[in-house]
Structures are given as structure tokens and as C-alpha cells.
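Working through the structure, step by step
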Amino acid sequence: MSRAAKKSRRRPGAKEAAKQIRLVVAALILRETETGREVLVCQRRPEQAMALKWEFPGGKIEAGESPEAALRRELNEELGIEAVIGPRITRLRHNYRNGGAVDLQFFTVHEFKGALENRIFNDMQWTLLPRLPEFDFLAADLSLIQDLASGKLL
Ligand SMILES: Nc1nc2c([nH]c(=O)n2[C@H]2C[C@H](O)[C@@H](COP(=O)(O)OP(=O)(O)OP(=O)(O)O)O2)c(=O)[nH]1
């Protein structure tokens, strides 16, 4: 085996990690109530990775899709709604312990057509923004949760 081949065999980790970056979009679906502004939060199923953690609805961007188109598709698949995607409020990168990295873009949604239907989640709930830290969220979302709860972002 050539030296170059040996060298590349010694470094599969770096290549694998680069491949594993998942480009993900998620929605902060908001509604105004008498007690304040609420956001929709969703719980992962027991058989999924990171079981029973809470997250915002969304998922991976497919090849050739814009982030907004991906989010419209995911919200339709997961919740049965036709959403109007608002502005992007933040983008962040997180390295999970298993070596997988996510690049997350969060968009607000103030308007949608259709009745919200839980098609894939273990549970879903509307919550007031200051109560977000009471949910056991995915690690990548924790700084966003703090910012939303303290009124910094919205
Ligand atoms: N939808 C969503 N995903 C999130 C959030 N925070 C976060 O780290 N993620 C991660 C979890 C997943 O690894 C990935 C979304 O992938 P997905 O929804 O298409 O599929 P999945 O959960 O089955 O994950 P995977 O095993 O296929 O990677 O992004 C969030 O707030 N919402």
C-alpha cells in the first residue's frame, strides 16, 4: 500500500464527520393568546434516537431544496398544515456526542392553512415562551430556548 493510501486509511474519522453534518430547518410556530405568546413544541417518539426529547417541528433539507421549501414540506408531512414561512431568526451549529453534527436554521411561522394534526410525534403542546425551559429539549436547542424564554429573540 502506498504512503498516501495508508495516510488516508488512518483518517476516516474526519471524512465521516464531514459527511454527517445534517442541514436541518425547524419552525417556531407562534400564536397569541390572552396570557401571552405561545409556541408549538413537539416530543420525539420512544423508538427514535434522542428518545422523548422535545424539539421544534422540522427536519433535514433535501438535495436541491431551499430551506423554506424544506420547512414547508416537513410541516405538511408532520402536522398536515400549509405554512407561511416567516423570517429566519437564528442559525446554529451543534456537535452531538455520537459524532454527528447539525446545522440548524429556525424560522418563525405566524400563519398556516389547515388544522394542526399530530402525525408523527409522541406528544405536542402549545407553551408560553417563558415556560420553554420546563421541557427536556434536544441539546442543540438549549441556547435558543434560553433566549426565547428570556424574551431576547422574539
Ligand atoms: N426537527 C428538529 N430537529 C432538530 C432540532 N434540534 C436538533 O438538534 N435537531 C436534530 C435532530 C435530528 O438529528 C435532526 C433532524 O432530522 P430529522 O427530523 O429529519 O430526522 P430524525 O430526527 O429521525 O434524525 P436522523 O436520525 O434521521 O438524523 O436535527 C429541532 O429543534 N427540530
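Residues numbered from 1 in each chain as written. Predicted model: local features only at pLDDT ≥ 70, side-chain atom pairs only at ≥ 80, totals over all residues. Heavy atoms only, no water.

An unreviewed UniProt entry lists the chain under the name 8-oxo-dGTP diphosphatase, from Terriglobus albidus. Annotation of the chain in UniProt includes, under Cofactor (unreviewed entry), the sentence "Mg(2+)". Taken from UniProt, the Sequence similarities (unreviewed entry) comment for the chain reads in full: "Belongs to the Nudix hydrolase family." (UniProt positions renumbered as here; feature names shortened; annotations may be inferred.)

Section: the overall build of the chain
Broken down by element type, the chain carries four helices and seven strands. Along the chain, helices (α) and strands (β) appear in the sequence α-α-β-β-β-β-α-β-β-β-α when read from the amino end. Of all intrachain contacts in the chain linking residues separated by at least 6 positions in sequence, the fraction that spans at least 24 positions is 65%. A total accessible area of about 9,200 Å² is found for the chain, and carbon and sulfur atoms account for 48% of it. (Helix = DSSP H or I, 4+ residues; strand = E, 2+ residues; numbered from the N terminus. Contact = heavy atoms within 4.5 Å. Areas by Shrake-Rupley, 256 points an atom, 1.4 Å probe, with all protein chains shown as cover.)

A closer look at the site of the ligand
Within the structure, the ligand sits among 18 residues, and Arg22, Phe56, Lys60, Tyr96 and Asp141 are positioned closest to it. Between Gly58 and the ligand, the recorded distance is 3.4 Å, taken from a backbone N or O atom to a nitrogen atom. One of the side-chain nitrogen or oxygen atoms of Tyr96 is found 2.6 Å away from an oxygen atom of the ligand. When the ligand sits alone it has 600 Å² of accessible area, and the protein chains cover 80% of it. Here the residues of the shell around the ligand are counted per class, giving 10 nonpolar, three polar and five charged. (Near = heavy atom within 4 Å. Polar contact = N/O pair within 3.5 Å; in protein donor to acceptor, adjacent residues only side chain to side chain. Nonpolar A, V, L, I, M, F, W, Y, C, P; charged D, E, K, R; others polar.)

Considerations on the UniProt feature "domain: Nudix hydrolase" (unreviewed entry) in the chain
The positions UniProt marks with the feature "domain: Nudix hydrolase" (unreviewed entry) are residues 20-150. Along residues 20-150 one finds 16% helix and 44% strand; the C-alpha atoms at either end are 32 Å apart.

Comments concerning unusual backbone geometry
Its identity is not glycine, yet Met50 carries a phi of approximately 50 degrees, on the positive side. Secondary-structure assignment places Met50 in the loop between β2 (36-43) and β3 (54-55). The phi torsion at Leu52 lies on the positive side, around 65 degrees, for a residue other than glycine. With respect to the secondary-structure elements, Leu52 resides in the loop between β2 and β3.

Notes on the pattern of salt bridges
Taken as a whole and assessed by the stated rule, the structure comprises 14 salt bridges. Arg44 is the salt-bridge partner of Glu55, the closest N and O atoms lying 2.8 Å from each other. With a gap of 11 residues between them, Glu55 in strand β3 and Arg44 in the loop between β2 and β3 connect regions that are remote in the sequence. Ionic pairing is found between Arg73 and Glu65, a salt bridge with its closest N-O pair at 2.6 Å. By sharing partners, the salt bridges in this structure join Glu62, Glu65, Arg73, Glu74 and Glu77 into a single network. (Salt bridge = Lys/Arg side-chain N within 4 Å of Asp/Glu carboxyl O.)

A word on the layout of surface pockets
Estimated volume of the largest pocket: approximately 460 Å³. Around the largest pocket, the lining comprises 25 residues; the ones closest to its centre are Val24, Arg44, Glu55, Gly58 and Gly59. Broken down by secondary-structure element, the contributors of at least two residues to the lining of the largest pocket are β1 (22-33), β4 (58-60), α3 (67-79) and β6 (101-113). Sort the elements by how many residues they give to the lining of the largest pocket and β1 lands first, with four residues. Here the lining of the largest pocket is composed, by residue class, of 14 nonpolar, three polar and eight charged. (1 Å grid on protein atoms, 1.4 Å probe; cavity = no way out; pocket = protein on both sides within 12 Å on 5 of 7 lines; lining within 4 Å. Points joined across faces, edges and corners; volume = space filled by probe spheres on them.)

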